Amino acid sequence: MITAYLDNNATTICDPKVREAMEPFWCEFYGNPNSLHKFGTDTHPYLRIAMDRLYKAINAADEDDIIVNSGASEGNNHVLKAIYYDVILPSNGKKDHIVTSVVEHPSVMATCKWLEEQGVKVTYVPVNSEGIVKAGTVKASITERTALVSIMWANNETGLLFPVKEIADICREAGVLFHTDACQAIGKVKVDMQEVKADFMTFSAHKFHGPKGIGGLYVRNSRRITNLIHGGEQMGGKRAGTLNVPLIVGMGLAAELANDALEYELTTVRALRDELEDELLKIEDVFVVGSRENRVPNTILISVKGVEGESMLWDLNKNGIGCSTGSACASEDLEANPIMMAIGADKELAHTAVRISLSRFTTKEEIEHTKIEFPKAVKRLREISSSYAYTPNN
């Protein structure tokens, strides 16, 4: 059976070159990097190469810091909780406000809810009718009590790009710290930390064909922030835990390869995405969220009237196609899709969203298979839908 993996915003295949690069560090160069003997020190050149690749991939300056961690969920928690302990608590109520959006990743949203329980005031700025967080809306939400603004670089469900450069400039002018979750941006669009003056940026390697369970927190000017994990002196004492050498090596190479493939993403992957989107838009009563020009090149969030997203996934899965109804981190939550609710869709329509996301490993054959099977699935499900009056043509 032909299969098509189209859930690359949830996770990506590990690039075979990355897997090959990690292999020696399981059983050959396996020493603890913090050990003083040869087995430990033999890993150091490879760690330096990996970190250099990371710095270059995001154009970080030498004075900036990248704290290696388990991924963006940890990084997002680290930033938000560090700001609570480092800025909000010491201010005695003078800086007790955070600005974020209604469509952030669950790791940001859940942490903000926790912060509210601690007495922090959180403003959740809306998106406009096209699913975009406007810089002007963020600016209007900043007050003299704002400690942090946290707005994602690209939305994980729609692929829509948010104006992070403009927001970063607004925050700098206001003297407010700015954090951006760039999980869905790295490897799809240019991520340049000299151009976007964010104070913090978070990412996960498995979103750009690296290994799972590793990511990073970028910190401008190596600002000292309270640890999330205390213990040993790894990462300069900023994040305890034995360094996972194979995963760090893999992440560094994956970041380099992702940057090298950006032109392919912006041309070939975009063309495959647009070809599939054009075909799906021929189906009656469907719409795609957000303009193509303002989306990362791999993502489609499509709403199919009269067909629940979970039913669509079930039908597509039977025919070898893997996609999702949104964030995999919230996939057990059967509430209406939050981005659909945010742009003003009614609750019934908000349950119909399906996210399709390609990668540089997506093939023409996978797209052709999906162009055939997706309309068939819509037809089958609408015929049994209680909310859609479907009349066959013959």
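Residues numbered from 1 in each chain as written. Predicted model: local features only at pLDDT ≥ 70, side-chain atom pairs only at ≥ 80, totals over all residues. Heavy atoms only, no water.

A. Representation of the overall build of the protein in the model. Across its full length, the protein carries 15 helices and 12 strands. Rg of the C-alpha trace for the protein: 22 Å, near the compact-globule value of 21 Å for 394 residues, within the 12% margin. Put simply, the protein has 394 residues, and 57% of those count as buried. Of all intrachain contacts in the protein linking residues separated by at least 6 positions in sequence, the fraction that spans at least 24 positions is 73%. (Helix = DSSP H or I, 4+ residues; strand = E, 2+ residues; numbered from the N terminus. Rg over C-alpha atoms; globule rule 2.2 N^0.38 Å. Buried < 20%, exposed > 50% of the residue type's maximum accessible area, 1.4 Å probe, protein only. Contact = heavy atoms within 4.5 Å.)

B. Representation of unusual backbone geometry within the structure. Positive phi, close to 55°, is recorded for Asn 221, a residue that is not glycine. Mapped onto the elements of the fold, Asn 221 is located in the loop between strand E8 (215-219) and helix H9 (234-237). Backbone geometry places Met 235, a non-glycine residue, at a positive phi of 55°. Mapped onto the secondary structure, Met 235 falls in helix H9.

C. Summary view of the sheet that holds strand E12 (residues 353-357). The strand order E9-E10-E12 describes an open sheet built from 3 strands, whose pairing is antiparallel. Two strands lie at the open edges of the sheet, namely strand E9 (286-288) and E12, each paired on one side alone. Along the sheet, successive strands turn relative to each other by an average axial angle of 25°, direction set aside. Here strand E10 (residues 299-304) runs beside E12; their pairing, made up of 5 bridges, is antiparallel. Each bridged residue has a counterpart across the sheet, and for Leu 301 the counterpart in E12 is Arg 355. (Pairing = 2+ DSSP bridges. Axes fitted to C-alpha atoms, helices over the stretch in contact; angles between N-to-C directions.)

D. Molecular detail of helix H15 (residues 364-383). Over its 20 residues, H15 extends 30 Å from the first C-alpha to the last, a length consistent with the 28 Å expected when each residue adds 1.5 Å. Regarding H15, the residues found buried are Glu 366, Ile 367, His 369, Thr 370, Lys 371, Glu 373, Phe 374, Ala 377, Val 378, Leu 381 and Arg 382. (Expected span 1.5 Å × (residues − 1).)

E. Layout of the sheet that holds E8. What the 7 strands build is an open sheet, ordered E2-E8-E7-E6-E5-E3-E4; its pairing is mixed. Among the strands making up the open sheet, the edge pair consists of strand E2 (65-69) and strand E4 (121-125). The average undirected angle you get between the axes of adjacent strands in this sheet is 20°. Across the sheet, helix H5 (residues 72-88) is in contact with E2, strand E3 (97-101), strand E5 (146-150), strand E6 (177-181), strand E7 (200-204) and E8; its angle to E7 comes to roughly 155°. Relative to E6, helix H8 (residues 164-174) is tilted by about 160°, and along the sheet it contacts E5 and E6.

F. Main features of helix H4 (residues 44-58). With 15 residues, H4 should cover 21 Å at 1.5 Å per step; its first-to-last C-alpha distance of 22 Å lies within 8% of that length. Along H4, the residues that are buried comprise Leu 47, Ala 50, Met 51, Leu 54, Tyr 55, Ala 57 and Ile 58. The buried side chains of H4 occupy one side of the element, clustering within an arc of 165° when seen end-on. Exposed and facing more than 90 degrees away from the buried side of H4 are Arg 48, Asp 52 and Lys 56. At its buried positions, H4 is contacted by E2, E7, E8 and helix H10 (245-260). (Arc of directions from axis to C-beta.)

G. Representation of the environment of Phe 39. Residue placement: Phe 39 occurs in helix H3 (residues 38-41). Each C-alpha atom, one on Phe 39 and one on Phe 29, is 6.8 Å from the other, the two residues being 10 residues apart in sequence. With near-sequence residues (within four places) excluded, Phe 39 lies in contact with Tyr 30 and Gly 31.

H. Examining the pairing of E8 more closely. Within E8, 5 of the 5 residues are buried, leaving the element largely enclosed by the surrounding structure. Alternating positions in E8 separate into two faces, Gly 215, Leu 217 and Val 219 on one and Gly 216 and Tyr 218 on the other, with burial throughout. Where E2 lies against E8, 5 bridges are found, and the strand directions are antiparallel. Counterpart to Asn 69 in the pairing with E8 is Gly 215. Looking at chain direction, E7 and E8 are connected through 5 bridges and run antiparallel.

I. Focus on the pattern of salt bridges. This model, assessed by the stated rule, comprises 26 salt bridges. Across the salt bridge formed by Lys 364 and Glu 368, the nearest N and O atoms sit 3.3 Å from each other. Here Lys 364 pairs with Glu 368, and both are found in helix H15, just 4 residues apart, close to one helical turn. For Lys 364, a relative accessible area of 44% corresponds to the partly exposed category. A cluster of three or more residues bridged by salt bridges with shared partners is formed by Arg 273, Asp 274, Glu 277, Asp 278, Arg 292 and Arg 295. (Salt bridge = Lys/Arg side-chain N within 4 Å of Asp/Glu carboxyl O.)

J. Summary view of empty space enclosed by the protein. Counted by the stated rule, this structure contains 1 cavity of 30 Å³ or more. In this structure, the largest cavity occupies an estimated 80 Å³ of space. Considering the residues around the largest cavity, the lining is formed by 15 residues, among which Thr 12, Lys 188, Lys 207, His 209 and Glu 265 are closest to the centre. Considered class by class, the residues forming the lining of the largest cavity number 4 nonpolar, 7 polar and 4 charged. (1 Å grid on protein atoms, 1.4 Å probe; cavity = no way out; pocket = protein on both sides within 12 Å on 5 of 7 lines; lining within 4 Å. Points joined across faces, edges and corners; volume = space filled by probe spheres on them. Nonpolar A, V, L, I, M, F, W, Y, C, P; charged D, E, K, R; others polar.)

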